[in-house]
Amino acid sequence: MLADAPRVPLLVHFDDQYVWSFTPGRDGSVDGDTFRIDWPGAMRPFLSGTTRVRVATYDGEVVLHDDEVTFGAGDGRVAFVDEEGAPYSIDKVGHLARAFDETPDDVKRELLEATQAVLRELREGCGVEAYLCYGALLGAVRQGTMLGHDSDVDLCYYTHHTAPADIIAESYRIQRQLRSLDWRVLRMSAGDIKVLWSLSDGRTAHIDIFSAFTIDGTFYQFGNRNGVFDAAEHLLPLGTVTLEGVEFPAPKHPEEMLSFIYGPSWRVPDPGFRYQDNPVGTRRLDGWFRGFRTEVPPWADVFRPPAIERVPSGPSSFAQWVEPQLGAGAPVVDLGAGTGRDAFWFAGQGHPVLATDFSLAALAHMRAHRDATGEDRVVLEMLVMNEMRRVMSLVGPLARDPHHLYARGLIGSLDEQARENLLRLAGAVLRRGQSLFLEFSATVPDVELPLPEPSGLTRRFDPEWLRREIEHHGGVVAFLEIGPGTDMFDEPDPAVARMRVVWPHP
Amino acid sequence: MASARAAKTKDLARRVRDRVRTSSVFDRSLRGRVLRLERELEADRQLHRKIAELSDVVAELLIPIQDRDEERVTEVLSQYRKSI
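A quick note: this is a predicted structure, and the numbers were derived from the prediction, not measured.

## Looking at a nonpolar patch on the surface
Side chains of A:V444, A:V447 and A:I482 sit close together on the surface and give an oily, nonpolar patch of about 210 Å² of accessible area. Within the secondary structure layout, A:I482 lies in strand β23 (residues 476-486).

This is the structure we're talking about:
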């Protein structure tokens, strides 16, 4: 399509609405004289109908295309908008975003006030050196306003700690402080959190709070920025910048910070910019701070239409097998409850249920079901099996008020650390004859079996390996059966293991 | 269908690779030793989060629980779970 395309960022507009930006040479591929680039996946469902497609450089001096284009068999104009008709654009990680360009002034003002409130709390309440960073800093320095194509606000704070464990502990402390104000705070990794701030137009603004630090001479700033940057020289003591007429704390030399983040050509607008992070530093950050949330997005897709519609609503055959073994009215913790099909069925049989999952989408689905049915015997709680402190926070309450533990399809989705936490929890709380009931897709020696569903998110697990892990944690497999069963969607699975595990206590 | 086949091929490739990598010849090779070191380093990096989580539990939960004030313990436990 774009023969002889320039190697500068190109902006794509549909009927004068900015929708996307890319850079030939970095994105897409060249085939002879022809440059090809796919429409972003997030845009494709909207590509139906006719629109005037304009592809041009930021300053409009070079226009490669400006004409009507018809997509698919759709009638009318292409509408790249949300349910309320607000225009979308594609952000730098390929997601749908509502850009500041399209945000009304009063809402923009609200977002700035929210940013100030968060910064104030970080500096005064938490005592950390917090500053405006990334797109907001770039907009402030380059033009004094927010960048039209940005869609969120990023804040950073510099910590003088040099051991990741201390940096993580400080991030926990900050999260606790912000939560104490009843703010909605999400943990994205052990080194960054996000404040979700409701705006008056019904939208939720995301204010990211990233830690920055220096370890062994390398400067790191979440997301994945890492490299040579002298914080003592260019960051501290903090200075200020003016954004939309409001003063914000900023790095002492903001230009140096922008050059570190975006490279020496940071002054040239590039809405489709992509970071070029050193993979060595990224691997360190992954090891120190990440690894417990990587599967959150794909699991969220499972718990939303259309995938969730494949999960039957009645009880699984495993739940029906377990229930008679529980004892009348005995409480149960459903670990990785998913849609809650078994949790709500147990409740219907008279069992108080604590239904846990690490997926917010799963919890939202269960909450909606609980609200619709009024089933108040089901209590919902987020539980990330990889997060030891979350698991340990359940030990006290469950040791006092014993529950059976129930986990269908969970084992195949856990890594070693999460299984260790699960077995540690079970060993601590199953003290009065309660059991841990497990069902999972099993491996069978020398037999090739199909991969279990949902593909890529779960795998077959060796029951004998699990038995060894259980015994290592002091548990006893009281029952094990391997046979044909069903997967998460009740589709046939040729090898499913059922286990009842107990922890004998003197 | 195609994605299931691709996943199956990937799974097979992973198993072949794992078998090669668990052989004693590979383990003694330089590549094997570097891989082992990287794995061990990675495990050490992950200890940082474990230490931070344990310190958090000790500071926020165990110390208040030493007070043996039943009402306060229940309150602390509930607040802790909300704050993380």
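## A closer look at the nonpolar core
Among the nonpolar cores identified, the biggest contains 68 residues, and A:L122, A:Y131, A:L178, A:F219, A:L235, A:M257 and A:F289 are the most heavily contacted of them. One finds A:L335, A:L394, A:A418 and A:L422 within the second-largest nonpolar core, a separate group that totals 33 residues.

## Things to note about the sheet that holds strand β2 (residues 17-22) of chain A
All names here are of chain A. Within the open sheet, the four strands sit side by side as β2-β1-β5-β6. Their pairing is antiparallel. Strands at the two margins of the open sheet, each flanked by one partner only, are β2 and β6 (63-71). With direction set aside, neighbouring strand axes in the sheet form an average angle of 25°.

## Details of the pattern of salt bridges
One pass over the full model with this rule turns up 30 salt bridges over all chains. Its salt-bridge partner being A:R176, residue B:E60 comes within 3.5 Å of it at the nearest N-O pair. Residue B:E60 is found in helix α3 (residues 30-65), and its partner A:R176 is found in helix α3 (residues 164-179); the two belong to separate chains. Put simply, A:R290 and A:D286 hold a salt bridge, and the shortest N to O gap is 2.7 Å. For A:D286, a relative accessible area of 33% puts it in the partly exposed group.

## Some remarks on the interface of chain A and chain B
Contact with chain A, which involves 33 residues of that partner, is made by 28 residues of chain B. Surface buried jointly by chain A and chain B totals about 2,800 Å² across both partners, of which 54% is contributed by carbon and sulfur atoms. Where chain A meets chain B, there are five salt bridges. In this structure, the salt-bridge partner of B:D56 is A:R389, at a minimum N-O distance of 2.8 Å. Applying the counting criterion to the chain A and chain B interface returns 10 residue pairs in polar contact (both at pLDDT 80 or more). When residues of the side of chain A that touches chain B are traced back to their parent elements, those giving at least two are α3, α6 (279-289), α11 (388-400) and α12 (416-429) of chain A.

## Some thoughts on the environment of A:R290
As for its placement among the helices and strands, A:R290 is situated in the loop between α6 and α7 (296-302). Separated by 98 residues in sequence, A:R290 and A:D192 have C-alpha atoms that sit 9.9 Å apart. Excluding residues within four positions of it along the chain, A:R290 makes contact with A:S189, A:F222, A:G223, A:N224, A:T282, A:L285 and B:R49. Within the structure, A:R290 has its side chain in polar contact with the side chain of A:N224 (distance 2.9 Å). At 2.7 Å, the side chain of A:R290 and the side chain of A:D286 are in polar contact.

Parameters at a glance
Residues numbered from 1 in each chain as written. Chains lettered and ligands numbered in written order. Predicted model: local features only at pLDDT ≥ 70, side-chain atom pairs only at ≥ 80, totals over all residues. Heavy atoms only, no water. Patch = residues over 30% accessible without salt bridge, like charges linked within 9 Å, V, L, I, M, F, W, Y side chains within 5 Å. Areas by Shrake-Rupley, 256 points an atom, 1.4 Å probe, with all protein chains shown as cover. Salt bridge = Lys/Arg side-chain N within 4 Å of Asp/Glu carboxyl O. Helix = DSSP H or I, 4+ residues; strand = E, 2+ residues; numbered from the N terminus. Core = buried A, V, L, I, M, F, W, Y, C linked by side-chain atoms within 4.5 Å. Buried < 20%, exposed > 50% of the residue type's maximum accessible area, 1.4 Å probe, protein only. Pairing = 2+ DSSP bridges. Axes fitted to C-alpha atoms, helices over the stretch in contact; angles between N-to-C directions. Contact = heavy atoms within 4.5 Å. Buried area = accessible area lost by both parts, 1.4 Å probe. Polar contact = N/O pair within 3.5 Å; in protein donor to acceptor, adjacent residues only side chain to side chain.

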